[in-house]
Amino acid sequence: MSDEIRQDAPQAEGDARQAGDGEGRQLTNAELELLADKMGGSGGEVKRIGYLSLIGRRFVRQRSAMVGLVILVLLVLMAIFGPHVTPFTYTDPDFTSLNVPPNATHWFGTDGGGFDLFACVVHGLGRSLVIGVIYSVLTTVIAAVVGTSIAYVRGVPEKIGMWFLDMLLIIPSFLLVAMVVRAASGTQGWVTLIVGLTAFGWIGYARTLRTMALSLRERDYVRAAKYMGVSPFKTIVRHLIPNLGSILILDTVLGVIGGINSETAYSFLGLGIKAPDTSLGYLLSQGSSAMLSAPWIVLIPSAVLIVLCVSMQLIGDGLRDAIDPYSRAAGSVEDEAEQEEAPEPAGN
Amino acid sequence: MAEKANDSTRGTWVPQDDVIRYELLEGNGPKGAPQGDPIMSVRNLKVSFATEAGRVDAVRGVNFDLWRGRTLGIVGESGSGKSVTALSLIGLLDDNAKVGGSVKFDGEELVGKSDEQMAAFRGKSISMIFQDPLSALTPMFTIGEQLEETLLIHNPQMGKQELRARCVELLRMVGITNPEERLDAYPHEFSGGMRQRVVIAIAIANDPDVIIADEPTTALDVTIQAQILDVLAVAQRETGAAVVLITHDLGVIAGTADDVLVMYAGRAVERASIDTIFDQPSQPYTMGLLGAVPKPHVAAEHRLVPIKGNPPSLAAIPKGCPFSPRCPMASGKCFEVEPVLEPFDAAEGHLVSCHKLAEIRERHLSFQEVYPELEPLPAKWAEVPRDQRPVVLEVKDLVKTFPIQGKGLIRRDRGTMCAVDHVSFKIHEGETLALVGESGSGKSTTLMQIMDLVRPEHGSIEVLGRDIATLRNNRERRELRRDLQVIFQDPMSSLDPRMPIYDVLAEPLRAQRWSAKDINSRIGELMHLVGINPDYVDRFPSQFSGGQRQRIAIARALATRPKILLLDEPIASLDVSIQAGIINLLEDLQVQLKISYLFVAHDLAVIRHISDSVAVMHLGKIVEQGDTEEVFTNPQDPYTKALLSAIPIPDPKVERSRERLVYQDGKLVSSSSLLPTLEG
Amino acid sequence: MARFVGYIAKRVASYIVMIFVATSLTYFLASAFMSPRSNYESRTPRPPQESIEASLDATNLNDKTPILQRYQRWLGGIVTRWDWGQTPTGVSVNEEMSSRIGASVELMSLATIISIVVGVSLGVYTAQRQYQWQDRFLGGMASLFMVIPTVVLAILIVFAAIEINQAAGSRLFYVTGLSSYEGGNPLMTFLDFLQHILLPTVVLTIISSVGYHLGQRTYLLDEMHADYVRTARAKGLTKKQAIRKHALRASLIPTAVSVAFSIAGIFTGAVMTEKIFAIHGLGEYFINCINNNNIHGAVAVAAFSGACTLVGALLADLFAAALDPRIKMS
């Protein structure tokens, strides 16, 4: 016996070295981790960071994702510092200039009530961002916990849980949210809006995550955990949720767009953010009635919304490609390879 | 297709026509030496893929010829480039593959042809049989439609009647009964073996000259495998085609091939006719491969000798001879320069690529001399006879039924299926009981029933004398789990990829409420026990090879010092050269720790090697049970006889001379009587 | 066949239970968050208290009556007379709903058909050109349209239409309503309808074809890499033929399933589009209900949407069963 072990110990080292070299044409996450490890040295703690830094590197390598990130940072800076660089506020109208197009004093012009549009837009941008981010994080957390739990329990509780989710889903959540958020008013209205959006926003997502967790729960390591006597709660927290990790992060980023879209829709319908508060959706509803006389009132918030959503989308796409080696990565690699081997005749 | 870049890094490699010429001299197989011109000639075939990790050279200069009526077996482990070779012959590689060298079919160059040009050859002159019959057929179309399509592509003038008649003929040829009715069935209505027959029918529909079979039986049970190999032989006889049989299983090769090419790291390392390769393997890798597999037809006498290390990844092929890091003979030059195929014996055309060729030839080195000396099997705690030791696990009359549900829209219950049907067995301390059976025989279900630790539907399960029906709560279950652990088939999926090894090993201990300090020292012990460097505890499972991962899974199962280990096909997903190491480890651990194993497997060779007693399962029942040697040498039940007779034996002479037995409706019949008759 | 009918009946029964529970929950939710009383209290001059109570009692909307009692009366009306209650102003919800469903159907039918055709074609087209410029361009457009809020898209289209109208000097496009022509010429009526329906249809088509485009592309790409496509190629089909004959067929099944869902959506309309283009469909009606504290109207719309969703689910099952031989109906 002891011989066997002595024989094997040096072999193990050799194995690990070989394993570190990566294999196959399509790299799995696991192999990426491995590559990261190889590049990042051999310290114990370095490895997790190594994986993240590899994802980071893959993300940075994508130009469109970086463009999205830069735009988003600029927008966030605008939302934070915007209110301080203009003498006007979104609450105090300038009665000397009503319906003025963009000019040196009022950078984005004013609306019919004399409100400075720049002040309104930067405030609304902040609102949209805050609502989008909080909504997205909350729904992801709730959906992850509910979805994985339903997937893990099996049997009667699973059936009841699924019936309940289906039941909640048959009535379009848009309608349910509308009923709740109509009560939103005043400066605290945005909190109500977040609560309403979150209350019904997680359901469909939880169903999706359950489906993903279903395949995870059949993995041997989940069965192994059960047979080792690990409690269901610990199994969910230690195995199921971390293994959905990259999907959860990605969906949180994309969920922000959903939150912003919902805010816009409800506020436009007069159900979400209302005066005296303001938001991009609210500005759109105000401006849509004066589209001919003062087009800038709708066009400027529209432009800001488009830029905001597109930047988030670019970041989300970049993140997806960075996390998932099976998506666009193969294609970009092909391109790289072709460039490298350009002098040679093309393949068959 | 110029491939200069590659050549410059790997030394010059010219098509070795003068070496290839020796092929014609071979002839100690059943068909003698090849006659006439080859139908297909492959010269200096190279395939590389552009990947994120850089360029991967999957095939690096392979040469061979195919003759009509002969079968070339290509043997190799995962990553040897054998499947890529096969796909490049028929032009089905992915778009990001670069193919170099030459593939000539009947004198016509195929490399460089467009997809449209190749389509004219595919299915007509060259056809292919794939590994997984379950996904190889389009689920939307009937068997008949798919067969007819094959015929119509190349014979658009065929009439309806003619098509149907030919389809019926083809299905009959591959041994499908009731072909007229079966034509209108959809693939999902067929079993895996039946679907593979249909795939073969498609492959031979247009009377091809070359049939490429890529691991055609790997996904199938052993008895089905034997039948499919027979069908393949019929297909070859019918079409007179050259067959390329790609496999990792030396037993499959022994019974079917005329010539053999052994591939390693994208190159051929040895090439010989079938009897030569088994009689006189001359490349250390081939020797190791043949030596490492347990023999199903002889009793185990000594420990297996593993080839150390792992097959190299194609993205990082070692410098020099790719086998050198694993080769016991490697020295100096082996680590520097890659060898080329040279004739081992000019008169026979036996080609070997090894720097030590001269030494091997002169000293007549064989497996025994090249690899470390064979050790006797470890003494199995002989002082107390097995049946006098305490019983640690006893299963009595265990029954497990599943409701059968119709698939799809209407899930109505169609009654129940008895997956485990009154199964009884017991395991003594330090004993290995193997549960053998094909897929669907209920062996894994039995195992999971034991692991679930809940009162069975019927019968009883006693673990260490405690009837599990008397377990009152989860705490008592958890305590029992300390003594009862499980190892799964695929270490890739049984270890959480997001957990470092330390946490993987700590998990069962934490579940048993061990203190952090005890856990720490126990993990150190465990790593030593299974032969993994304890410094690696911070690494993630993906950073280890398949064999190492299985060692880690074993360590995890041993963490709580269990008395009983249930093993669910623990080596089935590992490469042949790795399996031996794991088997040895399990044997050592048993001797050292006096654990009992319940070993579930379908590989009879492994079972014969490792187990003390065997229970053969068929359709949920144990049909035969007894001492391993007794069951293997003197089987009583007809199903056991058929099962044993279906195992391919890695010895061509034995394979050729024996008659297979097939279990049909409770009776044994010889397989030759079942071969489809051509007149029908 | 009898078994099939039995299966459908069982399924429908379970759906009815689901709708019942969901609608009841919606009723309680709406009652908690809407206050018809404020409709009266905010009137100037404020009506006398007794008259407020009397009106609320008459419409079963008085929040001073225990909720369960109101629920019982509301439910009784539906079960016995198929009466979905009254608005705070005393109008029958049944009547209001029925006139609006028609408008929604007019709006949605065309848009649904066009978006399916456009979306699926684009999906097939781009999947076959994965990572080529066509795919990248159309994919980029799709993700752009996917993230832009509907409001913004609609407003921009309206804005552009108004600019065109002004440049042309005549009203080529109407941006509100579904009709304005009063004459009797059927051709003119049809032309007038087209002028009205065009812009909302464009908006709806853009929004929903994006989903079909990206979905179909993914499904086809999945199937394109399936083993059976390789088998088909090994038979002698070219890659393109193999995709067209084998992969495409399988990839249309999930698309057909989502089409089934959207058929049901025709009846429920589109809230944002109807609001922006002032089309008096069900979506706009719902928003009006919310704004007017019309509890019964809002719940009725929710229940109707729920019923449509489940009809869609049933249709989806039937579509899948009809197209996929692996799913058997009996």
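Here is what the cut-offs are and how they apply
- Residues numbered from 1 in each chain as written.
- Chains lettered and ligands numbered in written order.
- Predicted model: local features only at pLDDT ≥ 70, side-chain atom pairs only at ≥ 80, totals over all residues.
- Helix = DSSP H or I, 4+ residues; strand = E, 2+ residues; numbered from the N terminus.
- Rg over C-alpha atoms; globule rule 2.2 N^0.38 Å.
- Contact = placed C-beta atoms within 7 Å.
- Domains from an automatic or database assignment.
- Nonpolar A, V, L, I, M, F, W, Y, C, P; charged D, E, K, R; others polar.
- pLDDT = per-residue confidence, 0-100.
- Pairing = 2+ DSSP bridges.
- Axes fitted to C-alpha atoms, helices over the stretch in contact; angles between N-to-C directions.
- Core = buried A, V, L, I, M, F, W, Y, C linked by C-beta atoms within 7 Å.
- Buried ≥ 20, exposed ≤ 12 C-beta atoms within 10 Å, placed from the backbone.
- Parallel < 35°, antiparallel > 145°, perpendicular 65-115°, else oblique.
- Left-handed = near helix turned anticlockwise from the far one by under 90°.
- Expected span 1.5 Å × (residues − 1).

## Here we look at the overall build of chain B
- When helices and strands are counted, chain B shows 26 helices and 24 strands.
- Taking 26 Å as the expected radius of gyration for a compact globule of 680 residues, we find that chain B reaches 26 Å, a close match to that expectation.
- Summarising its shape, the C-alpha atoms of chain B cover approximately 75 × 65 × 45 Å along the three principal directions.
- Long-range contacts, defined here as pairs at least 24 residues apart, represent 69% of the contacts in chain B between residues at least 6 apart.

## Some details on the domain arrangement of chain B
Residues and elements named next belong to chain B.
- Segmentation of chain B into domains returns domain 1 (2–290) and domain 2 (389–648).
- If you average the C-alpha positions of domain 1 and of domain 2, the two centres end up 36 Å apart.
- Taken together, the 15 residues of domain 1 in the interface contact eleven residues of domain 2.
- Among the elements of the structure, α10 (222–239), α11 (250–256) and α13 (284–292) are those that each provide at least two residues to the side of domain 1 that touches domain 2.
- Here the residues of the side of domain 1 that touches domain 2 sort into five nonpolar, seven polar and three charged.

## Looking at the confidence of the model for chain C
- Of all residues in chain C, 98% attain a pLDDT of 70 or more, and the chain-wide mean is 86.
- Here the predicted complex carries an ipTM of 0.84, next to a pTM of 0.81.

## What to know about the sheet that holds strand β18 (residues 484–487) of chain B
Residues and elements named next belong to chain B.
- Pairing in this open sheet of six strands is mixed, and the strands run β18-β19-β20-β15-β21-β22 from one edge to the other. A strand with exactly one partner marks an edge of an open sheet, and here the two such strands are β18 and β22 (621–627). Within this sheet the neighbouring strands show an average axis-to-axis angle of 15 degrees, counted without direction.
- As judged from the four bridges shared by strand β15 (residues 432–436) and strand β21 (residues 613–618), these two strands associate in the parallel manner. Bridging from a neighbouring strand, Val436 pairs with Val616 of β21.

## Details of the nonpolar core
- Core analysis: the biggest nonpolar cluster contains 226 residues, and Ile200(B), Ala201(B), Ile212(B), Val244(B), Ala555(B), Leu598(B) and Phe599(B) have the highest contact counts within it.
- Formed jointly, this core draws a minimum of three residues from each of two domains, domain 1 (2–290) and domain 2 (389–648) of chain B.
- The residues touching Leu598(B), leaving out its near neighbours within four places in the chain, are Leu393(B), Ile427(B), Leu433(B), Leu435(B), Leu447(B), Ile564(B), Leu566(B) and Leu567(B).
- Counting residues in each nonpolar core, the second largest holds 132 residues, with Ala213(A), Leu284(A), Leu305(A) and Val301(C) among its members.

## Overview of the sheet that holds strand β2 (residues 54–66) of chain B
Residues and elements named next belong to chain B.
- The strand order across the open sheet built from four strands is β2-β1-β4-β5, with neighbouring strands paired in antiparallel fashion. If you trace the sheet from one side to the other, it starts and ends with β2 and β5 (108–109), each paired once.
- In this structure, strand β4 (residues 97–105) lies alongside β5, joined through two bridges in antiparallel fashion. Within β5, the position partnered with Lys104 by the bridge is Glu109.
- Packed onto the sheet, helix α3 (residues 82–90) meets β1 (40–51), β2 and β4 and runs at close to 70 degrees relative to β2.

## Some details on the packing of helix α4 (residues 63–85) of chain A against helix α14 (residues 296–323) of chain A
Residues and elements named next belong to chain A.
- Between α4 and α14, the least distance of the axes is 8 Å, while the angle of their chain directions is 140 degrees. When the interaxial angle is binned, α4 and α14 end up oblique. For the crossing formed where α4 meets α14, the hand is left-handed. Counting all contacts with α4, which are made through Ser64, Ala65, Val67, Gly68, Leu69, Ile71, Leu72 and Leu75, the residues of α14 involved are Val307, Leu308, Ser311, Met312, Leu314, Ile315, Asp317 and Gly318.
- Residue composition of the contact of α4 with α14, grouped by class: eleven nonpolar, four polar and one charged.

## Observations concerning helix α22 (residues 576–593) of chain B
- Here α22(B) spans 26 Å end to end across 18 residues, near enough to the 26 Å set by a 1.5 Å rise per residue.
- Most of α22(B) is tucked away: 15 of the 18 residues are buried.

## Notes on the confidence of the model for chain B
All names here are of chain B.
- With 91% of its residues at a pLDDT of 70 or more, chain B shows a mean pLDDT of 84.
- At the low end of the mean pLDDT range in chain B sits helix α1 (residues 4–10), at 38; at the high end sits strand β6 (residues 126–129), at 94.
- Contacts of residues 1–15 to residues separated by more than four positions or lying in other chains number 24 contacts, the stretch itself having pLDDT below 50.

## A closer look at the interface of chain A and chain C
- Taken residue by residue, the interface counts 35 residues in chain A and 37 residues in chain C.
- If you list the elements that add at least two residues to the side of chain A that touches chain C, you get α6 (155–170), α7 (173–181), α12 (245–268), α13 (280–288) and α14 of chain A.
- Element by element, the count of residues in the side of chain A that touches chain C is highest for α14(A), at seven residues.
- Here the side of chain A that touches chain C is built from residues that sort into 25 nonpolar, eight polar and two charged.

## With respect to unusual backbone geometry
- Its identity is not glycine, yet Glu569(B) carries a phi of approximately 50 degrees, on the positive side.
- Since 19 C-beta atoms lie within 10 Å of it, Glu569(B) is described here as partly exposed.
- We note that Asn60(C) has phi near 60 degrees; this positive angle belongs to a residue other than glycine.
- With respect to the element layout, Asn60(C) can be found in the loop between α3 (49–58) and α4 (67–81).

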